[in-house]
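Close look at the chain arrangement
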Amino acid sequence: MTEDRQASSAPVNRAEAQRRVDQILVFREELHRLERDGVLALPEDQRQRLTSYHDEILVALTREFDVDTTVTEKQMSLGMRIVSFLGALALAASVFFFFYRIWGLLSTALQVLILAAAPLLAVGAMEVAARREKIPYFTTLAGLIAFASFVLNLGLLGNIFGITPSQNALLVWGGFALALAYGYDLHLLLVTGILCLLAYLSATTGTWGGLYWLSFGERPENFIPAGLLLFAVPAVLPHRRFPEFPGFYRVFGLLAVLLAILTLSHWGRGSYLPWQSDSVETVYVILGFAASALVIWTGIHWRWQGVTNLGSTFFVIQLYTKFFDWWWDWMPKYLFFLLLGLIAVLLLLVFQRIRAHLREATA
Amino acid sequence: MMRPRMWAAMALVVATNAVVLAGVAYNRSGEPEATVTLTERELPLAYAVEENSGLELRLDWRLYRRGSSFPGEPGPGWFHREKLEAVGYDCSRPLTDPSARLEYEKALPRKAFAVLEYEGAAWRAMIAEAEHDRARIAEQIGRQEATRKDLEAAEQDLDRLRRTSTRLAAVDVGLAPAALRSQYPDRGKYLIVQAEVRLTVVDARVEKNGVRHPASLRGVISSILVDHIVVPRDLHSALDFVRNDRRSFSGPHEPRYRVTVNYGRRYEPWIHAIQPIKQARAGPERTQ
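Residues numbered from 1 in each chain as written. Chains lettered and ligands numbered in written order. Predicted model: local features only at pLDDT ≥ 70, side-chain atom pairs only at ≥ 80, totals over all residues.

1. Overview of the overall build of chain A
The test is simple: The secondary structure listing takes helices from DSSP runs of H or I that are at least 4 residues long and strands from runs of E that are at least 2 residues long, numbered from the N terminus. Residues with at least 20 other C-beta atoms within 10 Å of their own are called buried, those with 12 or fewer are called exposed, and the rest are partly exposed. The C-beta atoms themselves are positioned from the backbone. Contact definition: two residues whose C-beta atoms, as placed from backbone geometry, lie within 7 Å.
The helix and strand inventory of chain A stands at twelve helices and zero strands. Helices and strands in chain A line up, N terminus first, as α-α-α-α-α-α-α-α-α-α-α-α. Along the first, second and third principal axes, the C-alpha set of chain A runs to 80 × 65 × 40 Å. Across the 363 residues of chain A, 35% fall into the buried class. Pairs at least 24 residues apart make up 63% of the contacts formed inside chain A by residues separated by at least 6 positions.

Structure below.
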C-alpha cells in the first residue's frame, strides 16, 4: 500500500522511514556482493563517504521514527504490534464487562457521566502515550479502548433511555475512529472507521428503498455503492501526509463490492433484481468474473499491489465455488479434482503469459 | 499541546452525547404520549448474564391471534392488504401474476408504528377462542377424535391466557402515529410503539371440509424496536424480592409486580413506578 508515496522527499511517517532504511540495507548487501564478485570496487574515500552518509540517515531516522535496522528488530516489532492488538481487544472487553458489573449500582446521572467520560479519558491516554513513544503500540491500544468506550457509550445510552436504534450511530462511530486514525496515523483505527462508514452507507442505501435500516444485510447490493464510494475517497481527497491510507480505502471498498457480488452469485433471492434466483445468480456469476478481472487490471495498471491480490483472490474463489456448485454432485470426485488441477495449470500459464507481456511493456 | 484532530474526536463525543441527551429530554418533556400500568405478565424480568448488575424488563406482546406470542407466526387477520398498503407496501398487483408473487416474496421489512392494546377486546377474544377450543376438544373426546391429553393442553392454554401470559396484543399498524392515536384515544390502554413489519405471502389452501382459501397477502409485526426497558437504580429495590425469588425464570406464575410505563413524544418508553402485588390465593378465573 505504497502507491501515493513520493519517493524523492524526506519520510513523513514511520512507514516511509522504514522503507528508506530497508532500501539502504538492501543497497549495502548488494554492494557487498558486487565487490565480492569483483564487479565493482569503490575507491576507499567514496566508500567512506557513502557509509557515513547512510549511517547518518540511519541514525537520524532511528532517532526520529524508531525504525527497525535489523531483521530481528523487525520481527520483534511485528510481535509487539500483535501483542498490542490483542491487548487492546482484551482491555476493551474488560471495560465492557466492568461497566456491566457496576452499572446497576449507579444512578442514571452517574452512568451517563461515566459513559461519556470514558472515551474522553481514553483519548487523553492516547495523547500521553503518543508523546512518549515513536512506534504507536500503546497509542493503538489506547485508541482501540477509546473506540470501544464510545461504542459502549452510545449503545448503553440507547439502552438506558429506551432510544430507538439508528444507523447514525455507525456514522459517528466511524467519524470518531477516523479522527483518531488521522490524528495519530493508526491503521487499525482507519480500518475500523472504514468498516463503520461502510455499514452506515449500506444501511442508508437500504433505507432509500424503504428498507428498515437494521435489515440492510438482507440485500447485499446495498454494499456495492458504499464500497465504490469508499474506493473513490483517495481520488477525491489527497493523502500526502498519510501515504499508506489510500490503499486501505481501495482494498476495503473493493472487498465490500466483490463480497456482495460473490454472495449474490450464490444467493439470488437476496437481490433487488425482480428476477428468479437462478437468473440473478447467473448475472452475478458473470459480473463476478468481470469485476475480478477489472480489479486485477486496475491493480496492475496503477501498481496497487493490494488491489491486484484482492482481484486474483476473488477470481479464484468465484471460480472454485461455482465449480463446486455445478460439478460436485454429478462428477466422480477424481475427475472433479483433476479438473481443478488442470484449471490451476491453465491459470498459471495465462498469468505467466500476462507477466511476460508486462515485462516486455516495461522493458 | 493536543493535536487538533484530537479535539475533533473529543468534540464529536461531547456533541453526540449532547444530541442524544437532548433527544431524551424532548421525549420526556410535557405530558407523556401514553401512560399505562402493566404487570409482570407484560413486563417480565429480561434475561441477564450473572455479571450484569443492571435490571431490564422485557415487553411481552402477542399478535391478535390465538395461541402463541411468537412474533414470527403468520400474520393476523386484521393485517391484510389494505393495512400493508397503509404502511407503504405496493400491493396493487394480483397474486395470480407470477412476477407479482416474486415481487411480494422479495418485499423488504419496513419501519412502522404498531398499536398495542392492553387487556382489551383482542385479549378477551383470544380467551373466547381458547374456551371454544376447549369445548370443541371435549366434544371430540366423546367421538374419539381427540384424547385427554389434548384436552389438558387446551385447558393449560386457557389457564395461561387468563392468569399468567401477556394481555398486550398488537391490533393495528400505520405510518402516522397521530392518526393512530386519534383512532385509539385511550392513552391508558393503547400504546403506540415503533415496530418492524414484514409482508408475507400465505399460500392457497383447502380445509378438511373442502373450503378453498386463495393465496393472500398478510402482514407480520416482526419486532417492536424498543422491547427492553431499563429499570432505574432508584426502582431496583421494588424488584429485589423478585430477583431473589427462584420462580423468576421458571415458567408461568402469577404476576408479582405492577409497572407504570410512560411513552414520550418520540414513542420511547421509560419506567415511572413499580409496586409489588400482594399475592392472594386465586381461583382459575382471577385476573390481575
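What follows picks up the thread again.
2. Overview of the pairing of strand β5 (residues 168-174) of chain B
Residue and element names in this part refer to chain B. For the record, the criterion: Here a strand pair is declared whenever DSSP counts at least two bridges between the two strands.
With six of its seven residues buried, β5 lies for the most part within the structure. Looking at chain direction, strand β3 (residues 62-63) and β5 are connected through two bridges and run parallel. Bridge assignment links Leu63 to a residue of β5, and that residue is Ala170. Note that strand β4 (residues 110-118) and β5 share six bridges and pair antiparallel.

3. Notes on the interface of chain A and chain B
Taken residue by residue, the interface counts 41 residues in chain A and 39 residues in chain B. Looking at the side of chain A that touches chain B, the elements that each hand over two or more residues are α3 (71-102), α4 (108-132), α5 (137-160) and α6 (168-184) of chain A.

4. A closer look at the environment of Ala116(A)
Of note, Ala116(A) is situated in helix α4. Judged by local crowding, Ala116(A) falls into the buried class, with 21 C-beta atoms found within 10 Å. Measuring from C-alpha to C-alpha, the distance between Ala116(A) and Leu157(A) comes to 9.4 Å, with 41 residues separating the pair along the chain. In this structure Ala116(A) touches Asn153(A), Val13(B) and Asn17(B), once residues within four positions along its chain are discounted.

5. Focus: the domain arrangement of chain B
Residue and element names in this part refer to chain B. Stated precisely, the cut-off is as follows: Where each domain begins and ends follows an automated or database-derived domain assignment. Classes in brief: Ala, Val, Leu, Ile, Met, Phe, Trp, Tyr, Cys and Pro nonpolar; Asp, Glu, Lys and Arg charged; the others, Gly included, polar.
Domains assigned within chain B are domain 1 (31-59 + 227-283) and domain 2 (61-120 + 167-225). Each side of the interface is counted separately: domain 1 has eleven residues, and domain 2 has 16 residues. At four residues, the largest contribution of residues to the side of domain 1 that touches domain 2 is made by strand β1 (residues 34-39). For the side of domain 1 that touches domain 2, a count of residues per class yields six nonpolar, one polar and four charged.

6. Here we look at the sheet that holds strand β12 (residues 269-276) of chain B
All names here are of chain B. Worth spelling out the cut-off: For helices, the axis comes from a line fit to the C-alpha atoms of the stretch in contact; other axes are also lines fit to C-alpha atoms, and the angle between any two N-to-C directions lies between 0 and 180 degrees.
Pairing within the open sheet is antiparallel, and its three strands lie in the order β1-β11-β12. The outermost strands of the open sheet, each flanked by one partner alone, are β1 and β12. Pairwise comparison of adjacent strand axes, ignoring direction, gives a mean angle of 20° for this sheet. Pairing of strand β11 (residues 257-263) with β12, which is carried by seven bridges, proceeds in the antiparallel orientation. From the neighbouring strand, Thr260 faces β12, where its bridge partner is Ala273.

7. Topic: the nonpolar core
So the rule is basically this: Here a nonpolar core is just a set of buried residues of the types Ala, Val, Leu, Ile, Met, Phe, Trp, Tyr and Cys, joined wherever their C-beta atoms sit within 7 Å.
One finds Phe176(A), Leu180(A), Leu198(A), Leu258(A), Ala114(B) and Leu116(B) to be the most contacted residues of the largest nonpolar core, which totals 137 residues. Here this core spans two domains, and each of domain 1 (31-59 + 227-283) and domain 2 (61-120 + 167-225) of chain B adds at least three residues to it. Those residues in contact with Phe176(A) that lie beyond four places of it in its chain are Phe147(A), Phe150(A), Ala9(B), Leu12(B) and Val13(B).

8. Concerning the confidence of the model for chain A
This is how the line gets drawn: Confidence of the prediction at every residue is given by pLDDT, a number between 0 and 100.
With 96% of its residues at a pLDDT of 70 or more, chain A shows a mean pLDDT of 89. Low pLDDT (under 50) marks residues 1-8 of chain A, which in the prediction has 15 contacts with non-local residues, meaning those over four places away or in another chain.

9. Considering the environment of Leu339(A)
Structurally, Leu339(A) is set in helix α12 (residues 333-362). For Leu339(A) and Gly311(A), which are 28 residues apart along the polypeptide, the C-alpha to C-alpha distance reads 22 Å.

10. Side note on the sheet that holds β3(B)
Residues and elements named next belong to chain B. Read from one edge to the other, the open sheet built from five strands follows the order β3-β5-β4-β6-β9, with strand pairing classed as mixed. Two strands close off the open sheet at either side, each with one partner strand: β3 and β9 (216-224). The pairing of β4 with strand β6 (residues 190-202) spans eight bridges and is antiparallel. Following the sheet pairing, Ala114 is matched in β6 by Val193.

11. Looking at the packing of helix α10 (residues 277-302) of chain A against helix α11 (residues 305-327) of chain A
All names here are of chain A. The condition is simple: An angle below 35 degrees is read as roughly parallel, one above 145 as roughly antiparallel, one from 65 to 115 as roughly perpendicular, and any other as oblique. Put simply, a crossing is left-handed when the front helix is turned counterclockwise from the back one by less than a right angle, and right-handed when it is turned clockwise.
Two numbers describe how α10 lies on α11: the axes approach to 7 Å, and their chain directions differ by 155°. Classified by the angle between their axes, α10 and α11 sit roughly antiparallel to one another. At the point where α10 passes α11, the crossing takes the left-handed sense. Contacts from Val285, Gly288, Phe289, Ser292, Ala293, Val295, Ile296, Thr298, Gly299 and Ile300 in α10 reach Gln305, Val307, Thr308, Leu310, Gly311, Ser312, Phe314, Phe315, Gln318 and Lys322 in α11. In terms of residue class, the contact of α10 with α11 is built from ten nonpolar, nine polar and one charged.

12. Some thoughts on unusual backbone geometry
Residues and elements named next belong to chain B. Phi angles above zero are rare outside glycine, and Gln144 is one such case at about 60°. Looking at the element boundaries, Gln144 is found in the loop between α4 (121-142) and α5 (148-163). C-beta crowding within 10 Å serves as the criterion here: with 7 such atoms nearby, Gln144 is assigned to the exposed category. Positive phi is not limited to glycine here, since Tyr267 has a value of about 60°. Along the chain, Tyr267 turns up in the loop between β11 and β12. By C-beta crowding, Tyr267 is classed as buried, having 21 other C-beta atoms within 10 Å.

13. Focus: helix α8 (residues 223-236) of chain A
For an α-helix the count is 3.6 residues per turn, leaving residues at separations of three or four pointing the same way. Residues and elements named next belong to chain A. Condition: The span one expects for a helix is its residue count, reduced by one, times 1.5 Å.
With 14 residues, α8 should cover 20 Å at 1.5 Å per step; its first-to-last C-alpha distance of 20 Å lies within 8% of that length. Every buried residue of α8 is listed here: Phe223, Ile224, Ala226, Gly227, Leu230, Phe231 and Pro234. Residues of α8 that are buried in the fold lie against α7 (187-208) and α9 (245-264).

14. Looking at the confidence of the model for chain B
Residues and elements named next belong to chain B. Of all residues in chain B, 89% attain a pLDDT of 70 or more, and the chain-wide mean is 86. In the model, residues 66-74 has pLDDT below 50 throughout and makes 18 contacts with residues more than four positions away in sequence or in other chains. Below a pLDDT of 50 lies the segment residues 282-288, which in the model reaches eleven contacts outside its immediate sequence neighbourhood of four places, other chains included. Across the whole predicted complex the pTM is 0.85, and at the interface the ipTM reaches 0.86.

15. With respect to α9(A)
Taking 1.5 Å of rise per residue, the 20 residues of α9(A) would be expected to cover 28 Å, and the 29 Å separating its terminal C-alpha atoms lies within 8% of that figure. The element α9(A) is extensively covered by neighbouring structure, given that 18 of its 20 residues are classed as buried.

16. Side note on the environment of Glu281(A)
Residues and elements named next belong to chain A. Topologically, Glu281 is positioned in helix α10. Placed twelve residues apart in sequence, Glu281 and Arg269 show a C-alpha to C-alpha distance of 8.7 Å. Ignoring anything within four residues of it in the chain, the contact list for Glu281 reads Ser265, His266 and Gly268.

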